[in-house]
Amino acid sequence: MIPRVKGTQDFIDCTLFNFVIDSVKKHLSLYHFTEIQTPILEPVDLFVRSLGTHTDVVSKEMFLIEQRQESSENRICLRPEGTAPTVRAFNEHHIQTTPWKVFACGPMFRYERPQKGRFRQFHQVTMEIIGSGSISEDVQLITMLDRYFHETLKISNYALVLNFLGCSQDREKYLVTLRKFLDKPGVTENICDQCRERKQHNIMRIFDCKTPECQEIYRTAPHIADHLCSECAQEWKDLQNQLALLSVSHVYRPTLVRGLDYYNKTVFEFVSKDLGAQNTFCGGGRYNQLVKDLGGSQDKAAVGAAFGMERLLLLLEPLRDKLTIPHLPALHMIIPMSAQQHTLALLLADELRAHGLATDIIFEGSMKSMMRKAGSVGAAYAIIIGETEQANRTVMLKNMMAGTEQAVAQVDLVKVLKK
Ligand SMILES: [Zn+2]
Ligand SMILES: [Zn+2]
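Quantities reported herein were computed from a predicted structural model and do not represent experimental measurements.

## Re the domain arrangement of the chain
Examined at the domain level, the chain breaks down into domain 1 (15–167 + 229–322) and domain 2 (331–418). Computed from C-alpha atoms alone, the centre-to-centre distance between domain 1 and domain 2 is 50 Å.

Structure below.
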């Protein structure tokens with residue numbers, strides 16, 4: 001037996017997965033989002049330019065494609081995230097109508113150590129709003145997600161954490177302050193090696209450090225939300241006020257930076273204690289420079305979010321009974337008693353399906369084992385055809401729940417089953 005690739009999984013039962021996909025599509029369309037599909041294969045450069053060379057994703061986690069021929073083509077990878085591809089598509093298709101509100105569902109790939117709820121092939125629903133700079137757009141996006149998690153998916157044990165990273169001028173000024181803090185005696189020699197490395201290349205990420213010693217030190221670090229220009233300060237205030245007015249409860253977390261270089265202003269995450277250490281199941285933020293950074297002709301402000309299916313499914317599994325998962329249609333099982341009735345079974349099944357009745361045929365096994373099989377797959381009716389029924393143009397219809405049987409003329413079968 002050849003097992004599956006490490007860090008991947010088979011979805012043997014897609015009920016919950018499909019429920020999320022179907023319901024989120026419906027929910028997103030209520031908010032005027034339309035679906036797009038972008039390729040799984042993308043140029044490596046797309047992520048180097050958007051995420052930054054010093055992010056874990058670009059430096060260690062990309063699945064690179066080994067090219068068969070020496071070619072001048074760009075190096076190719078399996079996409080590790082969905083925002084840069086959406087922005088690429090926006091630029092490449094010269095989308096004129098903005099804000100462009102789109103979503104996509106599909107697999108992403110990162111070479112990480114697999115653990116609970118974290119896979120090397122994982123599935124995301126990503127949504128982006130390109131071409132709107134209003135902070136109220138962020139409120140609308142966050143509210144949309146909150147309503148979805150709470151009302152459609154019935155998740156209650158989660159929190160929305162927020163931070164505000166300011167504009168690029170704010171960031172520049174703040175980074176000087178932060179660097180000063182990190183250079184202070186008592187700080188600089190006590191932070192971990194990784195943080196010292198981050199200080200050089202991706203300084204904001206020090207706040208992601210999980211080392212207790214570092215976390216303790218950063219409790220007294222300056223916070224960017226206290227170093228905003230007046231315009232950003234107003235936006236940060238509006239964001240919190242509008243969310244409160246829409247009854248979207250949230251928590252300010254000054255250390256939330258979300259790892260990637262391209263975020264500015266709003267960043268947020270939905271977290272749940274039920275998930276343990278890897279507790280984020282949805283995250284997003286504003287990325288006002290990215291369209292331009294990826295070669296867009298115009299500067300377009302944008303905001304987006306993504307949620308991971310795997311972690312969301314962990315949260316949903318215990319809630320299965322509360323969800324309005326659509327029932328499968330009732331199944332009818334035709335049981336031909338011998339090979340002599342197989343053709344008739346095929347013709348009858350064809351007719352039932354033409355009338356919208358879900359039907360299958362059991363071709364093999366003893367009468368007893370075929371009946372048992374019909375019962376175990378949850379058939380509503382067993383439609384038994386033996387030599388006598390074939391000759392009489394009837395079937396023996398067995399109600400599997402009640403255990404009752406009746407002879408029914410083949411021409412009346414649809415009518416009886418539809419009753
Ligand atoms: Zn600012
Ligand atoms: Zn550290």
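## Concerning the environment of Lys-292
Among the structural elements, Lys-292 can be located in helix H10 (residues 290–293). Among the residues examined, Lys-292 registers 15 C-beta atoms within 10 Å and is labelled partly exposed. Considering only alpha carbons, one finds Lys-292 and Asn-91, 201 residues apart in sequence, at a separation of 9.0 Å.

## Focus on helix H9 (residues 230–245)
Between the first and last C-alpha of H9 there are 22 Å, a value that for 16 residues agrees with the 22 Å anticipated at 1.5 Å per step. Turning to H9, its buried residues are Cys-232, Glu-235, Trp-236, Leu-239 and Leu-243. In a view along the axis of H9, the buried residues occupy a sector of 100°, so they form one face of it. For H9, exposure combined with an orientation more than 90 degrees from the buried face picks out Ser-230, Glu-231, Gln-234, Asn-241, Ala-244 and Leu-245. Considering only its buried residues, H9 is in contact with helix H5 (135–152), strand S7 (159–164), helix H6 (168–183) and strand S9 (264–271).

## Topic: unusual backbone geometry
Cis geometry marks the peptide bond from Thr-98 to Pro-99, where omega comes out at -5°. The residue Pro-99 is located in the loop between helix H4 (83–92) and strand S5 (100–109) in this model. A positive phi angle, close to 50°, is found at Lys-265, a residue other than glycine. Tracing the backbone shows Lys-265 in strand S9. Its identity as a non-glycine residue notwithstanding, Arg-393 has a phi of 55°, on the positive side. Mapped onto the elements of the fold, Arg-393 is located in the loop between helix H14 (387–392) and strand S15 (394–399). By the C-beta count within 10 Å, which is 10 here, Arg-393 ends up exposed.

## Digging into the sheet that holds strand S6 (residues 121–130)
Pairing within the open sheet is mixed, and its eight strands lie in the order S1-S5-S6-S11-S10-S9-S7-S8. Each having just a single partner strand, strand S1 (34–35) and strand S8 (251–252) make up the two edges of the open sheet. Bridge analysis of S7 against S8 gives two bridges, and the strand direction is parallel. Directly across from Leu-162, in S8, lies its bridge partner Tyr-252.

## What to know about the packing of helix H2 (residues 44–51) against H4
Close contact between H2 and H4 brings their axes to 10 Å; oriented N to C, the two are set at 105°. Taken together, the axis directions place H2 and H4 in an arrangement best described as roughly perpendicular. Packed against H2, whose contacting residues are Leu-46, Phe-47 and Ser-50, the element H4 presents Ala-84, Pro-85 and Arg-88 at the interface. Of the residues belonging to the contact of H2 with H4, the class tally is four nonpolar, one polar and one charged.

## A few points about the packing of helix H1 (residues 15–30) against helix H11 (residues 309–316)
Between H1 and H11, the least distance of the axes is 10 Å, while the angle of their chain directions is 110°. The angle between H1 and H11 falls in the class roughly perpendicular. In this structure, H1 meets H11 at a crossing whose hand is right-handed. Where H1 approaches H11, its residues Leu-16, Phe-17 and Val-20 are matched on the opposing element by Met-309, Leu-312, Leu-313 and Leu-316. Taken together, the residues that form the contact of H1 with H11 break down as seven nonpolar, no polar and no charged.

Conventions used here
- Residues numbered from 1 in each chain as written.
- Chains lettered and ligands numbered in written order.
- Predicted model: local features only at pLDDT ≥ 70, side-chain atom pairs only at ≥ 80, totals over all residues.
- Domains from an automatic or database assignment.
- Helix = DSSP H or I, 4+ residues; strand = E, 2+ residues; numbered from the N terminus.
- Buried ≥ 20, exposed ≤ 12 C-beta atoms within 10 Å, placed from the backbone.
- Expected span 1.5 Å × (residues − 1).
- Arc of directions from axis to C-beta.
- Contact = placed C-beta atoms within 7 Å.
- Pairing = 2+ DSSP bridges.
- Axes fitted to C-alpha atoms, helices over the stretch in contact; angles between N-to-C directions.
- Parallel < 35°, antiparallel > 145°, perpendicular 65-115°, else oblique.
- Nonpolar A, V, L, I, M, F, W, Y, C, P; charged D, E, K, R; others polar.
- Left-handed = near helix turned anticlockwise from the far one by under 90°.

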